[in-house]
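Residue-level listing of the chains:
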Amino acid sequence: RGKRMEDHLRFAVCYWHSFVWTGLDPFGGETFLRPWFTGGSPMELAVRKAEAAFDFLSRLGVPYYCFHDRDVAPEGATPRESLSNFRHMVEHLAAHQQRTGIKLLWGTANLFSHRRYMAGAATNPDPEVFAMAATQVKAAIDATLQLGGENYVLWGGREGYETLLNTDLRQELDQLGRFLNLVVDYKHRIGFTGTILLEPKPREPTKHQYDFDVATVYGFLKRYGLEKEVKVNIEANHATLSGHSFEHEIALAQALGIFGSLDMNRGDPQLGWDTDQFPNNLPETAIALYSVLQGGGFTTGGLNFDAKVRRQSIDPTDLFHGHVGAMDLCARALLVAARMIEDDRLAKAVRERYAGWRTSFGRDALEGRLSLEALSERVLSRNEDVTPVSGRQEALENLVNRYI
Ligand code: GLO
Ligand code: NI
Ligand code: NI
Ligand code: NI
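My aim in this report is to walk through the structure given alongside it, one point at a time. (Residues numbered from 1 in each chain as written. Chains lettered and ligands numbered in written order. Predicted model: local features only at pLDDT ≥ 70, side-chain atom pairs only at ≥ 80, totals over all residues. Heavy atoms only, no water.)

**Here's the deal with the nonpolar core**
At step 1: Core analysis: the biggest nonpolar cluster contains 102 residues, and Tyr65 and Leu262 have the highest contact counts within it.
At step 2: Broken down by element, the residue count for this core peaks at 11 residues, all from helix H11 (residues 317–342).
At step 3: Among the nonpolar cores identified, the runner-up in size contains nine residues, and Cys66, Leu105, Trp106 and Leu197 belong to it. (Core = buried A, V, L, I, M, F, W, Y, C linked by side-chain atoms within 4.5 Å. Buried < 20%, exposed > 50% of the residue type's maximum accessible area, 1.4 Å probe, protein only. Helix = DSSP H or I, 4+ residues; strand = E, 2+ residues; numbered from the N terminus.)

**Section: the coordination of the nickel ion (ligand 3)**
At step 1: Looking at the nickel ion (ligand 3), the protein donor atoms are Glu199 (OE), Glu235 (OE), Asp263 (OD) and Asp306 (OD), and they sit 2.0 to 2.1 Å from it.
At step 2: One way to put it: the six donor atoms around the nickel ion (ligand 3) meet at angles of 80 to 173°, and that makes the site octahedral.
At step 3: Along the chain, the residues donating to the nickel ion (ligand 3) are arranged with the sequence spacing E-x35-E-x27-D-x42-D.
At step 4: Here the nickel ion (ligand 3) and the nickel ion (ligand 4) are spaced 3.7 Å apart, and both take Glu235 as a donor. Pair noted here: Asp263 is in strand S9 (residues 259–264) and Asp306 is in the loop between strand S10 (303–305) and H11, with a separation of 43 residues, a long-range link. Across the pair, Asp306 and Asp263 agree in class, each one buried. (Donors = N, O, S within 2.8 Å, 3.2 Å for Na, K, Ca; no water. Tetrahedral: all angles 85-135°; square planar, octahedral: opposite > 155°, others 65-115°.)

**Here's the deal with the sheet that holds strand S2 (residues 64–68)**
Through backbone hydrogen bonds, the strands of a sheet pair up, either in parallel or in antiparallel fashion.
At step 1: With parallel pairing, eight strands are arranged side by side around a closed barrel as S1-S2-S3-S4-S6-S8-S9-S10. Across the sheet, the mean angle separating the axes of adjacent strands is 30° when strand polarity is ignored.
At step 2: Note: strand S8 (residues 230–235) against S9, four bridges, orientation parallel. When the bridges of S9 are listed, Ile234 appears paired with Leu262.
At step 3: Contacts from helix H7 (residues 214–223) reach strand S6 (195–199) and S8 within the one sheet, and its direction differs from that of S8 by about 165°. (Pairing = 2+ DSSP bridges. Axes fitted to C-alpha atoms, helices over the stretch in contact; angles between N-to-C directions. Contact = heavy atoms within 4.5 Å.)

**Points about the environment of Lys228**
At step 1: Examined against the element boundaries, Lys228 turns out to sit in the loop between H7 and S8.
At step 2: In this structure Lys228 comes out as exposed when scored by relative accessible area, which is 74%.
At step 3: Separated by 30 residues in sequence, Lys228 and Ile258 have C-alpha atoms that sit 7.8 Å apart.

**What to know about the pairing of S8**
At step 1: Across the six residues of S8, five count as buried, placing the element largely inside the fold.
At step 2: When S6 meets S8, the two strands line up parallel, connected through three bridges. Each bridged residue has a counterpart across the sheet, and for Ile196 the counterpart in S8 is Val230.

**A word on the coordination of the nickel ion (ligand 4)**
At step 1: The nickel ion (ligand 4) binds to the protein through Glu235 (OE), His238 (NE2) and Asp274 (OD); the donor distances cover 2.0 to 2.2 Å.
At step 2: Each donor residue of the nickel ion (ligand 4) lies on one chain, and together they are spaced E-x2-H-x35-D.
At step 3: For His238, a relative accessible area of 3% translates into the label buried.

**What about the packing of aromatic side chains?**
Where two aromatic rings form a pair, the distance of their centres and the angle of their planes describe that pair.
At step 1: In total, this model carries 15 aromatic pairs according to the counting rule given.
At step 2: Residues Phe56 and Phe320 carry aromatic rings whose centres are separated by 5.7 Å and whose planes lie at 85° to one another, so their mutual orientation is edge-to-face. With a gap of 264 residues between them, Phe56 in helix H2 (residues 42–60) and Phe320 in helix H11 connect regions that are remote in the sequence.
At step 3: Ring geometry for Phe259 and Phe298: centres 6.1 Å apart, planes at 35°, overall tilted. Here Phe259, found in strand S9, pairs with Phe298, found in the loop between helix H10 (282–294) and S10; they are 39 residues apart in sequence, far enough to count as distant.
At step 4: Relative accessible area serves as the criterion here: at 5%, Phe298 is assigned to the buried category.
At step 5: Three or more aromatic residues joined by ring pairs form one cluster here, namely Tyr15, Phe19, Trp36, Phe37, Phe56 and Phe320.
At step 6: Above the plane of the ring of Phe32 lies Arg34, whose end atom (NZ or CZ) is 4.2 Å from the centre.
At step 7: In this structure, Lys308 is placed above the aromatic ring of Trp21, and the distance from its NZ or CZ to the ring centre is 5.0 Å. (Phe/Tyr/Trp six-rings, centres within 6.5 Å; stacked < 30°, edge-to-face > 60°. Lys NZ or Arg CZ within 6 Å of the ring centre and 35° of its normal.)

**A look at helix H5 (residues 127–146)**
At step 1: Over its 20 residues, H5 extends 28 Å from the first C-alpha to the last, a length consistent with the 28 Å expected when each residue adds 1.5 Å.
At step 2: Looking at the buried positions of H5, the neighbouring elements they touch are helix H3 (69–72), helix H4 (79–100), strand S3 (103–108), strand S4 (151–155) and helix H6 (169–190).
At step 3: Of the residues flanking the start of H5, the one acting as N-cap is Asp126, its side-chain oxygen 2.8 Å from the backbone nitrogen of Glu128.
At step 4: Of the residues one or two after H5, Gly148 is the one with positive phi, at around 70°. (Expected span 1.5 Å × (residues − 1). Polar contact = N/O pair within 3.5 Å; in protein donor to acceptor, adjacent residues only side chain to side chain.)

Right under this line is the structure:
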């Protein structure tokens, strides 16, 4: 649709898994000994980390990156010191972007790691915590605008509950809705033209996260009048955690008009938790990207690798191989998806299935212009049973394999 295949290769590397995470998990400590993790003051480390990050991104030849405020600059002793650390590091990032031509796909704020957010950020009933969350988001949107970022993401890391016995769902959802309205309002006032994206996830770290899946997020946006302002950043592993497939979440977001961007990793069919493996399954990825292409491809969004190497991969070259393999897989998946579109078999199957819409009775009935009486009259006046249009199922599900 007027786009070249290269236009869809909007890959991004995420700062947090590649340059911040040290290999720790709930059962064990740090395993990586990267040179940018030790030696010097926290700010000196942040500066070295940024240099290492942009060196990595340039060698990889990736067009975009993404970061949280706290990934790029250390938390200070006070909010004011944190802000000044962050602003200083944003200048460093700006210089690196300028020098390398690498762009920011989106910025975001970490509202989940610090102990102050242990009981939520925007949904926290403590107004001081709510204000702190606002302080971080404001600064992160300012930075995103300054760095020419194309989107701004909010993943509700601690926005959920652990037990309903001390939780007022109504109150917390209202707070989240008001917070998001403040964010949208601020975006317009400062002239940030990028898209605000919510990232659904059903659980982890909280037992039940408010932004459960695309359908839940859409209901939430409607309720707070934001369905035209906010879109979604869909992650493969979050989709499978919520019991859906990646392509279901993408197609539903497109149908509801809120598709924005993708966090790419492997939607693990064994469920469990968010394992953040690099995507490595061609048919799965091809079907997901087929949905993206069907919807016209990306406008401001892209493919952010929200993926990390395993904690025993202590050799940093694994980080390189992880990304190379993932980009290669996504590029191949895009070609498969494009062939699925060009071949026209799927489009033909869809045309056949929806043929009823092209008759005049079909349009009147399906667009709701006929009453229940009129519909019954039509059915009862004919002396024959109703046989539905049937679609081909198995043949279509296997079609992806023809194009690999
Ligand atoms: C965690 C999320 C997380 C977000 C990131 C962006 O499961 O996927 O990595 O993508 O914090 O806000
Ligand atoms: Ni400096
Ligand atoms: Ni993510
Ligand atoms: Ni995730």
